[in-house]
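Results of the structural survey
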Amino acid sequence: MRQGLVGVRADRGYSYERLEKIAAYVRDRLGHSSTEAINTLLLFDGLDIEVRDGTGQDIPLHGSVIEINGSEGYAKYDRDRCVIEILASPETYDWLEKGHPRGGFFVAHELGHCLLHTDQLVRLAQMPKVQQAALHRGGQEVGHKTYQDTEWQANAFAGALLMPAQGLLILEQEHGELSPDTITEHFQVSAEAAGYRLELYNDRKEQLL
């Protein structure tokens, strides 16, 4: 999550504050309080969310498991069925079934792409497969700002969805000073994700809350 930019330029930039609000809205729609850990396996298996594209059309989201070489999975728009799918490899789905935090972060990250980059996913589906593969691989030279990067945005959204600032505040009030271990245990995320999120929370608490 601390690596250089590996995404493409998003249609619009997002601040941490804006992504926090979007994630809070999604949590509310999913029926989760700010202190509740999200069961990402149930979320993936029962995706019942629609996203709205730039034309005002609502597009359903679905989760599917397919064989994917060299990838945990990705989000894509299916032009024939007019749906956006989060496609997970069998290994990624196995992580979800076992409660491995990497699988959970994958689902939250790809959900971020679906919500934040809907129009770009639709446009991507119209490109030749060679161009699609190049964009999915990432790592290309970029000339945009961090807040404009699709991968940065999806990562930041995932952190806010899985470990909301309001939930961290409540944990802080209950336990005193927060630690990555407390966040990891409570929200069922990796130690790396918890450490990064805690650092962000401490640095930008006023913005996030």
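Please refer to the structure placed before this passage.
Notes on the structure follow. (Residues numbered from 1 in each chain as written. Predicted model: local features only at pLDDT ≥ 70, side-chain atom pairs only at ≥ 80, totals over all residues. Heavy atoms only, no water.)

As for helix α7 (residues 150-162)
- Here α7 contains 13 residues, and its C-alpha end-to-end distance of 18 Å stays within 8% of the 18 Å for a straight helix at 1.5 Å per residue.
- Of all 13 residues in α7, eleven are buried; the element is thus mostly enclosed.
- Packing partners of the buried residues in α7 comprise α1 (16-30), α2 (40-45), α4 (101-116), α5 (118-124), α9 (180-187) and α10 (191-203).
- One side-chain oxygen at the N-terminal end of α7 lies 3.2 Å from the backbone nitrogen of Glu151; it belongs to Asp149. (Helix = DSSP H or I, 4+ residues; strand = E, 2+ residues; numbered from the N terminus. Expected span 1.5 Å × (residues − 1). Buried < 20%, exposed > 50% of the residue type's maximum accessible area, 1.4 Å probe, protein only. Contact = heavy atoms within 4.5 Å. Polar contact = N/O pair within 3.5 Å; in protein donor to acceptor, adjacent residues only side chain to side chain.)

Thoughts on helix α3 (residues 90-98)
- Every buried residue belonging to α3 is among Thr92, Tyr93, Trp95 and Leu96, and all of these are buried. For α3, the angular spread of buried residues about the axis comes to 150°, placing them on one side. For α3, the exposed residues lying more than 90 degrees away from the buried face are Glu91, Glu97 and Lys98.
- Looking one or two places after α3, you find Gly99, whose phi comes out positive at around 75°. (Arc of directions from axis to C-beta.)

Describing the pairing of strand β4 (residues 83-88)
- Among the six residues in β4, six count as buried, and that is most of the element.
- Residues Val83, Glu85 and Leu87 line one face of β4 and the alternating positions Ile84, Ile86 and Ala88 line the opposite face, and both faces are buried.
- Pairing of strand β2 (residues 58-65) with β4, which is carried by five bridges, proceeds in the parallel orientation. In the sheet register, Ser64 faces β4, and the bridge partner there is Leu87.
- In the sheet, strand β3 (residues 73-78) pairs with β4 via six bridges, with the strands oriented antiparallel. Bridge pairing in β4 links Gly73 to Ala88.
- Here β3 folds back onto β4 in antiparallel fashion, the turn holding four residues, of which Cys82 has a positive phi close to 55°. (Pairing = 2+ DSSP bridges.)

A few points about the pattern of salt bridges
- Within this structure, the stated rule accounts for nine salt bridges.
- Between Lys21 and Glu17 there is a salt bridge, and its shortest N-O distance comes to 3.8 Å. Within this pair, Lys21 and its partner Glu17 are both found in helix α1, separated by four residues, close to a single helical turn.
- Its salt-bridge partner being Arg81, residue Glu85 comes within 2.4 Å of it at the nearest N-O pair.
- Since its relative accessible area comes to 45%, Arg81 is described here as partly exposed.
- Salt bridges here are not isolated pairs; linked through shared partners, they connect Asp78, Arg81 and Glu85. (Salt bridge = Lys/Arg side-chain N within 4 Å of Asp/Glu carboxyl O.)

Focus: the nonpolar core
- Core analysis: the largest hydrophobic core is formed by 53 residues, its most contacted members being Leu61, Ile84, Leu111, Phe157, Leu161 and Ile183.
- Not counting chain neighbours up to four residues away, the residues in contact with Ile183 comprise Met163, Leu168, Gln188, Val189, Ala194 and Leu198. (Core = buried A, V, L, I, M, F, W, Y, C linked by side-chain atoms within 4.5 Å.)

Quick word on the sheet that holds β2
- Across the sheet, which stays open at both edges, the four strands sit in the order β1-β2-β4-β3 with mixed pairing between neighbours. The open sheet has two edge strands with one neighbour each: β1 (50-52) and β3. For this sheet the average axis-to-axis angle between neighbouring strands, irrespective of direction, equals 30°.
- Pairing analysis gives three bridges linking β1 to β2, with the strands arranged antiparallel. Counterpart to Glu50 in the pairing with β2 is Pro60.
- In the packing of α4 onto the sheet, contacts are made with β1, β2, β3 and β4, and the angle to β4 comes to roughly 160°. (Axes fitted to C-alpha atoms, helices over the stretch in contact; angles between N-to-C directions.)

Things to note about the packing of helix α8 (residues 165-175) against α9
- Between α8 and α9, the least distance of the axes is 11 Å, while the angle of their chain directions is 120°. If you check the angle between α8 and α9, you find them oblique. Judged by the twist between their axes, the crossing of α8 over α9 is right-handed. When α8 is examined against α9, the residues Gly167, Leu168, Leu171 and His175 are found in contact with a partner set consisting of Thr182, Ile183, His186 and Phe187.
- Among the residues making up the contact of α8 with α9, the classes are represented as four nonpolar, four polar and no charged. (Parallel < 35°, antiparallel > 145°, perpendicular 65-115°, else oblique. Left-handed = near helix turned anticlockwise from the far one by under 90°. Nonpolar A, V, L, I, M, F, W, Y, C, P; charged D, E, K, R; others polar.)

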